[in-house]
Amino acid sequence: MNQSEALFAEAQKVMPGGVNSPVRAFQRVGGNPIFFKKGKGAYLYDEDDREFVDYVGSWGPMILGHAHPQVISSIKAAADNGLSFGAPTAIETELAKKICSIMPSIEMIRMVNSGTEATMSAIRIARGFTGRDKIVKFEGCYHGHSDSLLVKAGSGALTLGEPDSLGVPSSFAEKTLTLEYNNPDQVREVFSQAGDEIAGIIVEPVAGNMSCIPPEKGFLECLREVCDEYGALLIFDEVMTGFRVALGGAQSLYGIQPDLTTLGKVMGGGMPVGAFGGRRDIMHSVAPLGAVYQAGTLSGNPIAMTAGLETLKLIEAPGFFETISENTQSLMASLQSLADSAGIPFTTNQVGGMFGFFFSDTDRMTNFSQVMSSDTGAFVTFFNTMLEQGISLAPSPFESGFVSAAHGQTEFSKTEAAAKSAFEALQQGV
Ligand code: KE4
């Protein structure tokens, strides 16, 4: 028994599934999760001192790579002054201003402690601001685990085959209309029937929780149009895409201005941080200014703000996103070429430093049903063969992968060599 196996046995005695978030449990890929003890740059090190090239990046936050020296030293310095005061601090305003300058659609912002809190709050604001109850989301999109949004959700819910969680009152679920991603006709049809009851649309502008599915041309534009026509709010859930697919997120890439944006992951630099923000008139409805209540003990705590601010300062460097995007594109092209050489049906999607791959002969994956028709058994073989060779991918076919600024040619060469073996294993029907 190696260290991870021993630790997992202990963890399962006191935590459900031995984890603090379901998708980490390896239930979809078999075997035991690996217990890591250290990260540095593009690498993670497990309790048996094995080294892995990491493409999970803590599910997105670690765009700089693990333990970036400037982020770590800034946190250490901030910690010397105390961890949390439950009172306003200057650094909250500094980070808020920086985000508003990077994403102009955000005129005001509220810090929270997770993406779930951000999206849960944004939904409440949309309902409070419009006086309407219904919300539109898309199948395979995941917006965290608040009741209204755990309806046909992606990510861990989909991984475990439970896109609709127990414990969500039917009165909540019936207020959530779930449509097909990249299907503007269906959106227009639903709004023509119930547009005046819909408080808002929440969408991942690049879906990352049914693996990576970019928006087809016209899809986001359609969402903007129907929200304008029927007085609903357009909420871009950029928890994953914000500061990831581009500095200004997907809204800058596709040129669509949402009414509200939710953020997380990269903006915390690895610390627990989320945020929601948008039009000033809408944000004025948030307590203590307005009647939509939202609060949080550790929201905006100085340590998390320090990590986030340092991270955003570093990713503003000229060429940062161009390099990551080129590297990711090149990695996907290499994997595609290796799969083609091995005769394995395979296709990839990539936006900036975020990517997805599918064992399917569909040329371009654009929606949930296509993803569900891909060969998840082949994914499992590929995942485990890569892991055995020291390449750590997300343990689910319904998650995106992430390239950091710390990934370079050495790491890509290791990845490509491992992938060659993995595709050959699939070819031989291992
Ligand atoms: P958190 O509450 O996990 O911080 O954020 C929820 C969330 C909201 N919106 C989007 C687009 C997200 O991707 C997420 C969380 N992402 C998953 C990974 N696909 C978190 C991993 C996990 O659940 O352990």
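Computed from a prediction, not measured in an experiment: that's the story for all the values here.

K.L.:
Help me get a handle on the overall build of the protein, residues and values and all.
P.N.:
When helices and strands are counted, the protein shows 15 helices and 14 strands. On C-alpha atoms alone, the protein measures out to a radius of gyration of 21 Å, which is about the 22 Å that the 2.2 N^0.38 rule sets for 430 residues. By principal-axis analysis of the C-alpha atoms, the protein measures approximately 60 × 55 × 45 Å. Counting the 430 residues in the protein, one finds 57% classified as buried. Considering only intrachain contacts with a sequence separation of at least 6, the fraction spanning at least 24 residues in the protein is 72%.

K.L.:
A description of the domain arrangement of the protein should follow, citing residues and the corresponding values.
P.N.:
Domain parsing of the protein yields domain 1 (3-67 + 318-427) and domain 2 (69-315). Each side of the interface is counted separately: domain 1 has 39 residues, and domain 2 has 39 residues. Taking both sides of the interface into account, the surface hidden between domain 1 and domain 2 amounts to around 3100 Å²; carbon and sulfur atoms contribute 66%. Linking domain 1 to domain 2 there are one salt bridge. In this structure, Glu-216 and Arg-364 form a salt bridge, with 2.5 Å as the shortest nitrogen-oxygen distance. Joining domain 1 to domain 2, the criterion identifies 14 residue pairs in polar contact (both at pLDDT 80 or more). Put simply, the parts of the chain that give the side of domain 1 that touches domain 2 at least two residues each are α12 (320-342), β11 (347-351), β12 (354-358) and α13 (368-372). Looking at the side of domain 1 that touches domain 2 element by element, the count peaks at five residues for β12. In terms of residue class, the side of domain 1 that touches domain 2 is made up of 23 nonpolar, 12 polar and four charged.

K.L.:
Let's hear about the sheet that holds strand β9 (residues 260-263): which residues, and what values?
P.N.:
Taking strand neighbours across the sheet as the criterion, the seven strands line up as β4-β10-β9-β8-β7-β5-β6 in an open arrangement whose pairing is mixed. Of all strands in the sheet, those bounded by a partner on one side alone are β4 (108-112) and β6 (176-179). For this sheet, the mean angle separating the axes of adjacent strands, direction not counted, is 20°. As paired elements, strand β5 (residues 134-138) and β6 share four bridges and run parallel to each other. Bridge assignment links Ile-135 to a residue of β6, and that residue is Thr-176.

K.L.:
Which residues make up the environment of Ala-79, and what values do they have?
P.N.:
Mapped onto the elements, Ala-79 comes out in helix α2 (residues 69-79). We classify Ala-79 as partly exposed; its relative accessible area is 32%. In this structure, the C-alpha to C-alpha distance between Ala-79 and Ile-303, residues 224 residues apart in sequence, is 6.5 Å.

K.L.:
Outline helix α14 (residues 376-388), supporting the account with residue identities and numerical values.
P.N.:
Over its 13 residues, α14 runs 18 Å from end to end, which matches the ideal 18 Å to within 8%, given 1.5 Å per residue. Capping the start of α14, Asp-375 holds a side-chain oxygen 3.0 Å from the backbone nitrogen of Gly-377, two or three residues further along. Among the residues trailing α14, Gly-390 stands out with phi positive, at a value near 85°.

K.L.:
So what's going on with empty space enclosed by the protein? Residues and values would help.
P.N.:
Evaluated as defined, the whole model comprises four cavities of 30 Å³ or more. In this structure, the largest cavity spans a volume of roughly 90 Å³. Taken together, 13 residues make up the lining of the largest cavity; nearest its centre are Phe-357, Ala-394, Glu-399, Ser-400 and Gly-401. Here the lining of the largest cavity takes three residues from β12, the largest share from any one element. Residue classes in the lining of the largest cavity are distributed as seven nonpolar, five polar and one charged.

K.L.:
Residue-level account of the packing of aromatic side chains, with values.
P.N.:
Throughout the structure, instances matching the rule amount to 20 aromatic pairs. Ring centres 5.6 Å apart and planes at 80° place the aromatic pair Phe-36 and Phe-52 in the edge-to-face group. Here Phe-52 lies in strand β3 (residues 51-54) and Phe-36 lies in strand β1 (residues 36-40), a separation of 16 residues in the sequence. What makes Phe-36 partly exposed here is its relative accessible area of 32%. Where Phe-346 meets Phe-357, the ring centres are 5.8 Å apart and the plane angle is 25°; that geometry is what we call stacked. Of this pair, Phe-346 sits in the loop between α12 and β11 while Phe-357 sits in strand β12, and the two are 11 residues apart along the sequence. Neither residue differs from the other here; Phe-346 and Phe-357 are each classed as buried. Put simply, the rings of Phe-26, Phe-346, Phe-357, Phe-359, Phe-379, Phe-382, Phe-383 and Phe-423 touch in pairs and so form one group of aromatic residues.

K.L.:
Tell me about the site of the ligand, residues and numbers included.
P.N.:
Taken together, 17 residues surround the ligand, and among them Ser-21, Thr-116, Asn-209, Asp-237 and Glu-399 come closest. Within the side chain of Ser-21, an N or O atom sits 2.6 Å from an oxygen atom of the ligand. In the model, a nitrogen atom of the ligand is placed 2.4 Å from a nitrogen or oxygen of the Asn-209 side chain. Compared with its free state, where it exposes 540 Å², the ligand has 87% of that area covered by protein. Grouping the constituent residues of the shell around the ligand by class yields five nonpolar, eight polar and four charged.

K.L.:
Please provide a residue-by-residue account of the packing of α14 against helix α15 (residues 409-427), values included.
P.N.:
Where α14 meets α15, the axes come as close as 9 Å, and the angle between the chain directions of the two elements is 135°. Considering their axes alone, α14 and α15 lie oblique with respect to each other. Every pair of crossing elements has a handedness; the one defined by α14 and α15 is right-handed. Listed contacts from α15 to Ala-378, Thr-381, Phe-382, Thr-385 and Met-386 of α14 are Thr-415, Ala-418, Ala-419, Ser-421, Ala-422, Phe-423, Ala-425 and Leu-426.

K.L.:
Tell me about the layout of surface pockets, residues and numbers included.
P.N.:
Roughly 530 Å³ of internal volume is contained in the second largest pocket. What lines the second largest pocket is a set of 23 residues, among which Glu-92, Thr-93, Ile-109, Arg-110 and Met-111 lie closest to the centre. Residue assignment for the lining of the second largest pocket shows that the elements contributing at least two residues are α3 (90-102) and β4. When grouped by side-chain class, the residues that make up the lining of the second largest pocket number 10 nonpolar, nine polar and four charged.

Rules used throughout
- Residues numbered from 1 in each chain as written.
- Predicted model: local features only at pLDDT ≥ 70, side-chain atom pairs only at ≥ 80, totals over all residues.
- Heavy atoms only, no water.
- Helix = DSSP H or I, 4+ residues; strand = E, 2+ residues; numbered from the N terminus.
- Rg over C-alpha atoms; globule rule 2.2 N^0.38 Å.
- Buried < 20%, exposed > 50% of the residue type's maximum accessible area, 1.4 Å probe, protein only.
- Contact = heavy atoms within 4.5 Å.
- Domains from an automatic or database assignment.
- Buried area = accessible area lost by both parts, 1.4 Å probe.
- Salt bridge = Lys/Arg side-chain N within 4 Å of Asp/Glu carboxyl O.
- Polar contact = N/O pair within 3.5 Å; in protein donor to acceptor, adjacent residues only side chain to side chain.
- Nonpolar A, V, L, I, M, F, W, Y, C, P; charged D, E, K, R; others polar.
- Pairing = 2+ DSSP bridges.
- Axes fitted to C-alpha atoms, helices over the stretch in contact; angles between N-to-C directions.
- Expected span 1.5 Å × (residues − 1).
- 1 Å grid on protein atoms, 1.4 Å probe; cavity = no way out; pocket = protein on both sides within 12 Å on 5 of 7 lines; lining within 4 Å.
- Points joined across faces, edges and corners; volume = space filled by probe spheres on them.
- Phe/Tyr/Trp six-rings, centres within 6.5 Å; stacked < 30°, edge-to-face > 60°.
- Near = heavy atom within 4 Å.
- Areas by Shrake-Rupley, 256 points an atom, 1.4 Å probe, with all protein chains shown as cover.
- Parallel < 35°, antiparallel > 145°, perpendicular 65-115°, else oblique.
- Left-handed = near helix turned anticlockwise from the far one by under 90°.

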